[in-house]
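# Observations on the three-dimensional arrangement
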Amino acid sequence: MKKILEIFLGILTAMGGFVEIGELVFSLNAGAKFRYSLLWVVVLGTVGIIVYGEMCGRIAAVTEQPVFTLIRERAGYTAGLGTLIAANLVSLLTCTAEIGGLAILIKLLFGGNYFLYIVLVLVFLLVCVWFMSFQVIERVFGLLGLLMIVFVVAGVYLTQDWNGVAWGFVPSIPAVETSSDYFVYAYFVVALTSSIMLPYETYFYAAGAIEDGWNPSDITLNRIIVIIGFSLGALLSIGLILIGGSFLKPLLIEPQLPGTAALGPAIVFGKWGLIVGVLGMFFAFAGAAIENALTGAYNFAHFFGWSWGKFRPPKDAPRFNLAWIVMLLAATLIILTGVDPVQVVEYSIIFAVVILPLTYFPMLLVARDKDYMGHFANGWLADIFGWLYFVIILLAALAAIPLLIITHGGEG
Amino acid sequence: MTEGYLDMCRQVLDRQVIDSNHIPCGKVDDIEMNGNKITAILIGNGVASERMPELARAVSRKIFGDRVVRVPWSEVHVITHEIKLKSRAVDLGLDERQGWVFELINKLPLAWKK
């Protein structure tokens, strides 16, 4: 019974923690620009995060070694340090964008001063991470992030052309007006894949598995959570594309603010739809801000071998605790300069895809290493998908920066 | 332990070091050798930064200092995915609970609570 509850909570947590501001912005825009024709990318990215999420969870359960320990062992000190710096810059930018998004949401509900809300959000996040245990953080933000299901319901309600939706799951190049639109489409393919496969998700997932004290008997638990939880999470992304394609595109609205997403539930369910949608986003963004701050600290600790973890009293892991505090403070300082959170999101997503291969390659090597993993090493299925997705993210990484420049950040 | 049979690069260098209470206390940043025998593992940015290009080394030492702690090979208890030591971190000079970072974190409310 306890096991079933654990699986159930794990699935819901994985689902609720699936979407953050980057995915929200890119999913909504994907629908608003290209209607349903990017739906197949959600499937592509979700299978990818399932493949690598399963591997890093399995490695953590079997060896108790988190991702950056492996990166350092396999890539060496200098290359590993380069990956660490890049990964933590991406996490910092993601955290920055989430904090900005949170302040925008509060302003949407109550009006008032955006910069004041940024500071309040910082205090809220600091208090939550300091006083809450890992399990409480995981559950509270994961489960309340499930309020975002209102977007799926609204998306389904607003959609009539289900034939068009079905065709969206078949990879194809849509009929567009100008040739530069092809590049914008390609940019969205790369960005949407990246937003779903953000590397911090694997760092955080593996560290969380160790925080939760997983051992080899949890391998089945890991598989179920990753496969079902992430697949259900993808529904949130699909719901946002439907809102973009069925509602925003016909009205020619180009969503620029996270609040635009709430128009969908607001149209369908009125005031309460708006409130539930905004609350769902609030907990999803706050969860992602916390996860990215903690991820930065985990990465430092795992690379340099510090004492780490929320399961230890802070005084026994001082460097780790200082690291996440610094991450939150630095992210707040960046957003206080007045940069547009959505702009920060775009850069963080595109730079994230560049470091994906650097993260996933050492993970793949370790997961298939029989000396290291024993009989828990990759089987043929995990191997095939692992290599396949390594090639896909390599291509995406090579295309990301050129596409960002050619399309002026997706503007065409 | 028969040192000659260890694939040192893979099984020792860059591995996590834990003390007798399972507390992480750094990585094997370098290995001290005498002939083909390992005599000690070296932990600290002083040796880790040696492995970087010159400019990066200077920056790294500015930020993280150049401390090195030498742990004699006889202190190594077991090698698995990690290098487990026979003594406690505090006795080997590897304890994190000192210095300004510790003082700062320890001042915050409930810093002793899990």
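Residues numbered from 1 in each chain as written. Chains lettered and ligands numbered in written order. Predicted model: local features only at pLDDT ≥ 70, side-chain atom pairs only at ≥ 80, totals over all residues.

## Structural notes on the overall build of chain B
- Of the regular secondary structure elements, chain B holds 5 helices and 7 strands.
- In chain B, the succession of α and β elements from N to C terminus is α-β-β-β-β-α-α-β-β-β-α-α.
- Considering chain B as a whole, with its 114 residues, one finds that 27% of them fall into the buried category.
- Taking the contacts inside chain B whose residues are at least 6 apart along the sequence as the reference set, 41% of them involve residues at least 24 apart. (Helix = DSSP H or I, 4+ residues; strand = E, 2+ residues; numbered from the N terminus. Buried ≥ 20, exposed ≤ 12 C-beta atoms within 10 Å, placed from the backbone. Contact = placed C-beta atoms within 7 Å.)

## A few points about the overall build of chain A
- Looking only at helices and strands, chain A has 17 helices and 0 strands in total.
- Relative to its length of 412 residues, chain A is compact, with a C-alpha radius of gyration of 20 Å against a globular reference of 22 Å.
- In chain A, buried positions account for 58% of the 412 residues.
- Long-range pairs, those at least 24 residues apart, make up 86% of the contacts in chain A with a sequence separation of at least 6. (Rg over C-alpha atoms; globule rule 2.2 N^0.38 Å.)

## Side note on the pairing of strand E6 (residues 76-79) of chain B
- Taken together, the 3 bridges between E6 of chain B and strand E7 (residues 82-85) of chain B define a ladder with antiparallel strand orientation. Residue pairing for E7 of chain B: Ile 79 of chain B is matched across the bridge by Ile 83 of chain B. (Pairing = 2+ DSSP bridges.)

## Let's talk about the environment of Ile 11 of chain A
Residues and elements named next belong to chain A.
- Secondary-structure assignment places Ile 11 in helix H1 (residues 2-16).
- Remark: the alpha-carbon pair of Ile 11 and Ile 227, spanning 216 residues in sequence, is separated by 8.7 Å.
- Excluding anything up to four places from it in sequence, Ile 11 contacts Ile 225, Ile 228, Gly 229 and Leu 232.

## As for unusual backbone geometry
- One non-glycine residue, Leu 252 of chain A, lies in the positive phi region at around 60°.
- Looking at where Leu 252 of chain A falls in the secondary structure, it is placed in the loop between helix H12 (219-248) and helix H13 (263-304).
- Phi at Asp 14 of chain B is positive, roughly 70°, even though this residue is not glycine.

## Examining the sheet that holds E6 of chain B
All names here are of chain B.
- Taken in spatial order, the 4 strands make up an open sheet running E2-E1-E7-E6, and their pairing is mixed. At either margin of the open sheet sits one strand with a lone partner, and together these are strand E2 (24-27) and E6. For this sheet the average axis-to-axis angle between neighbouring strands, irrespective of direction, equals 30°.
- Pairing between strand E1 (residues 16-18) and E7: 3 bridges, direction parallel. By the bridge assignment, Gln 16 is partnered in E7 with Glu 82. (Axes fitted to C-alpha atoms, helices over the stretch in contact; angles between N-to-C directions.)

## Observations concerning the sheet that holds strand E4 (residues 37-43) of chain B
Residues and elements named next belong to chain B.
- Overall, antiparallel pairing links the 3 strands, which are arranged E3-E4-E5 in an open sheet. The strands lining the two open edges of the sheet, one partner per strand, are strand E3 (30-34) and strand E5 (69-72). Taken pair by pair, the neighbouring strands of this sheet meet at an average axis angle of 30°, ignoring direction.

## Overview of the nonpolar core
- Of all hydrophobic cores here, the largest spans 152 residues; its most connected members are Ile 99, Phe 188, Leu 192, Ala 289, Ala 293, Ala 297 and Met 363 of chain A.
- No other element matches the 23 residues that H13 of chain A contributes to this core. (Core = buried A, V, L, I, M, F, W, Y, C linked by C-beta atoms within 7 Å.)

## Here's the deal with the interface of chain B and chain A
- Chain B puts 25 residues into the contact, and the matching count from chain A is 22 residues.
- Counting only elements with at least two residues in the side of chain B that touches chain A, the list comes to E1, E2 and helix H5 (99-107) of chain B.
- The element contributing the most residues to the side of chain B that touches chain A is H5 of chain B, with 5 residues.
- Residue composition of the side of chain B that touches chain A, by class: 13 nonpolar, 4 polar and 8 charged. (Nonpolar A, V, L, I, M, F, W, Y, C, P; charged D, E, K, R; others polar.)

## What to know about helix H3 (residues 54-64) of chain B
- In terms of burial, H3 of chain B is a largely surface element, 0 of the 11 residues being buried.
- In the segment just after H3 of chain B, Gly 65 of chain B is the residue with positive phi, at about 75°.

## Focus on the packing of helix H4 (residues 67-75) of chain A against helix H15 (residues 341-367) of chain A
Residue and element names in this part refer to chain A.
- Contact geometry for H4 and H15: axes closest at 9 Å, N-to-C directions at 85°. By the criterion of interaxial angle, the relationship of H4 to H15 is roughly perpendicular. Only Thr 359, Pro 362, Met 363, Leu 365 and Val 366 of H15 make contact with H4, whose side of the interface consists of Val 67, Leu 70, Ile 71, Arg 74 and Ala 75.
- Classifying every residue of the contact of H4 with H15 gives 8 nonpolar, 1 polar and 1 charged. (Parallel < 35°, antiparallel > 145°, perpendicular 65-115°, else oblique.)

## Looking at helix H3 (residues 39-63) of chain A
- With 25 residues, H3 of chain A extends 36 Å from end C-alpha to end C-alpha; this agrees with the ideal 36 Å at 1.5 Å per step.
- In terms of burial, H3 of chain A is a largely internal element, 21 of the 25 residues being buried. (Expected span 1.5 Å × (residues − 1).)

## Focus: the confidence of the model for chain B
Residue and element names in this part refer to chain B.
- Per-chain confidence: chain B averages 88 in pLDDT, with 91% of residues scoring 70 or above.
- Confidence scores differ between elements of chain B, with helix H1 (residues 8-11) showing the lowest mean pLDDT of 71 and E1 the highest of 96.
- Reported confidences for the modelled complex are a pTM of 0.94 and an ipTM of 0.92. (pLDDT = per-residue confidence, 0-100.)

## A word on the environment of Leu 81 of chain A
- Topologically, Leu 81 of chain A is positioned in helix H5 (residues 77-110).
- Sequence separation of Leu 81 of chain A and Phe 303 of chain A is 222 residues, and the distance between their C-alpha atoms is 7.8 Å.

## Let's talk about the pairing of E2 of chain B
Residue and element names in this part refer to chain B.
- Both E1 and E2 contribute to a ladder of 2 bridges, which runs antiparallel. Paired with Gln 16 across the two strands is Lys 27, which belongs to E2.
- Counted along the chain from E1 to the antiparallel partner E2, the turn is 5 residues long, and its residue His 22 has a positive phi close to 65°.

## Let's talk about the environment of Gly 57 of chain A
Residue and element names in this part refer to chain A.
- Mapped onto the fold, Gly 57 is located in helix H3.
- Judged by the 23 C-beta atoms lying within 10 Å of it, Gly 57 is buried.
- Sequence separation of Gly 57 and Tyr 203 is 146 residues, and the distance between their C-alpha atoms is 9.6 Å.
- Apart from residues no more than four positions distant in its own chain, Gly 57 is found in contact with Tyr 205, Ala 206, Ala 209, Asn 222 and Val 226.

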